[in-house]
Amino acid sequence: MAIDDLYQEILMDHYKNPRNKGKLHDADLEVHAKNPFCGDEVELDIIWDGGRIKDIHFVGQGCVISQASVSLLTEHVKGKTLEEIEEVIQEFSAMIRGELEKIDEDKLDELCALQGVSKFPTRIKCALLAWNTLKKVVQERKAELEGKGKVG
Ligand code: ZN
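Scoring rules and cut-offs
- Residues numbered from 1 in each chain as written.
- Predicted model: local features only at pLDDT ≥ 70, side-chain atom pairs only at ≥ 80, totals over all residues.
- Heavy atoms only, no water.
- Helix = DSSP H or I, 4+ residues; strand = E, 2+ residues; numbered from the N terminus.
- Rg over C-alpha atoms; globule rule 2.2 N^0.38 Å.
- Buried < 20%, exposed > 50% of the residue type's maximum accessible area, 1.4 Å probe, protein only.
- Contact = heavy atoms within 4.5 Å.
- Areas by Shrake-Rupley, 256 points an atom, 1.4 Å probe, with all protein chains shown as cover.
- Lys, Arg positive; Asp, Glu negative; His and termini not counted.
- Charge placed at Lys NZ, Arg CZ, Asp CG, Glu CD.
- Salt bridge = Lys/Arg side-chain N within 4 Å of Asp/Glu carboxyl O.
- Pairing = 2+ DSSP bridges.
- Axes fitted to C-alpha atoms, helices over the stretch in contact; angles between N-to-C directions.
- Donors = N, O, S within 2.8 Å, 3.2 Å for Na, K, Ca; no water.

Caption draft 1: Local environment of the overall build of the protein. Along the backbone of the protein there are 5 helices and 3 strands. A compact globule built from 152 residues would reach a C-alpha radius of gyration of about 15 Å, and the protein, at 15 Å, matches this within 12%. Referenced to the eigenvectors of the C-alpha coordinate spread, the extents of the protein come out at roughly 50 × 30 × 25 Å. Within the protein, the proportion of its 152 residues that are buried is 43%. Contacts in the protein between residues far apart in sequence, at least 24 positions, make up 58% of those at least 6 positions apart. As displayed, the protein has an accessible area near 8,600 Å², and 48% of this comes from carbon and sulfur atoms. For the protein, the separation between the mean place of its 21 positive charges and that of its 29 negative charges on side chains is 4 Å.

Caption draft 2: Region of the structure containing the pattern of salt bridges. One pass over the structure, following the stated rule, counts 10 salt bridges. With its nearest N and O atoms 2.7 Å apart, the salt bridge here joins Lys142 to Glu86. One end of the pair, Lys142, is in helix 5 (residues 124-145); the other, Glu86, is in helix 3 (residues 82-96), and 56 residues separate them in sequence. For Glu86, a relative accessible area of 27% corresponds to the partly exposed category.

Caption draft 3: Structural context of the sheet that holds strand 2 (residues 40-48). The antiparallel open sheet is built from 3 strands, whose spatial order is 1-2-3. This sheet does not close on itself; its edge strands, each paired only once, are strand 1 (29-35) and strand 3 (53-61). In this sheet, adjacent strand axes meet at a mean angle of 20° when their direction is disregarded. Bridging between strand 2 and strand 3 involves 8 bridges; their strand directions are antiparallel. Within the sheet, the bridge partner assigned to Trp48 lies in strand 3 and is Ile53. The strands touched by helix 2 (residues 64-77) are strand 2 and strand 3; relative to strand 3, the strand with the most contacts, the crossing angle is about 175°. Running at roughly 30° to strand 2, helix 5 makes contact with strand 1, strand 2 and strand 3 of the sheet.

Caption draft 4: Structural view of the coordination of the zinc ion. Coordination sphere of the zinc ion, protein contribution only: Cys38 (SG), Asp40 (OD), Asp40 (OD), Cys63 (SG) and Cys126 (SG), at 2.1 to 2.8 Å. Positions of the donor residues of the zinc ion along the chain correspond to the pattern C-x1-D-x22-C-x62-C. Of this pair, Asp40 sits in strand 2 while Cys63 sits in the loop between strand 3 and helix 2, and the two are 23 residues apart along the sequence. Side by side, Asp40 and Cys63 carry an identical accessibility label, which is buried.

Caption draft 5: Quick look at the pairing of strand 2. Of all 9 residues in strand 2, 8 are buried; the element is thus mostly enclosed. Counting the residues between successive antiparallel strands, the hairpin from strand 1 to strand 2 contains 4 residues, one of them, Gly39, with a positive phi of roughly 85°. Hairpin connection, strand 2 to strand 3: the antiparallel pair is bridged by 4 residues, and Gly50 has positive phi, about 60°.

What follows is the structure in structure tokens.
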């Protein structure tokens, strides 16, 4: 099987059989994001365990890239610490923007399936929608834990 076909298969699998999809009714946090360029929508529901994501689910609709990307995201950050998550977000975002000289397949694993997006600038927003959202969430959580959260 050609590598492009394998990647295509991973994306279609996550699109058709999304992982961790459906609301978390006891979520600590619920964030929404939209990509008006494509009509993609995602909601991330998160349960914290201190500086770790204990559980994460999503609800969403939109193109294959945006929905496969958020499904993959949930699998790759669940149970991880804020620092570990930041690292994955950074590495993944750099891959999508075509900024990586070499893709670390051990680190990115199935996320590599989205590397082809870097050749299609209009789809980068689709791939990064959920990731940019999670990045903000992680930054806010870190600030909160450091006692620098918003007052009031
Ligand atoms: Zn899209």
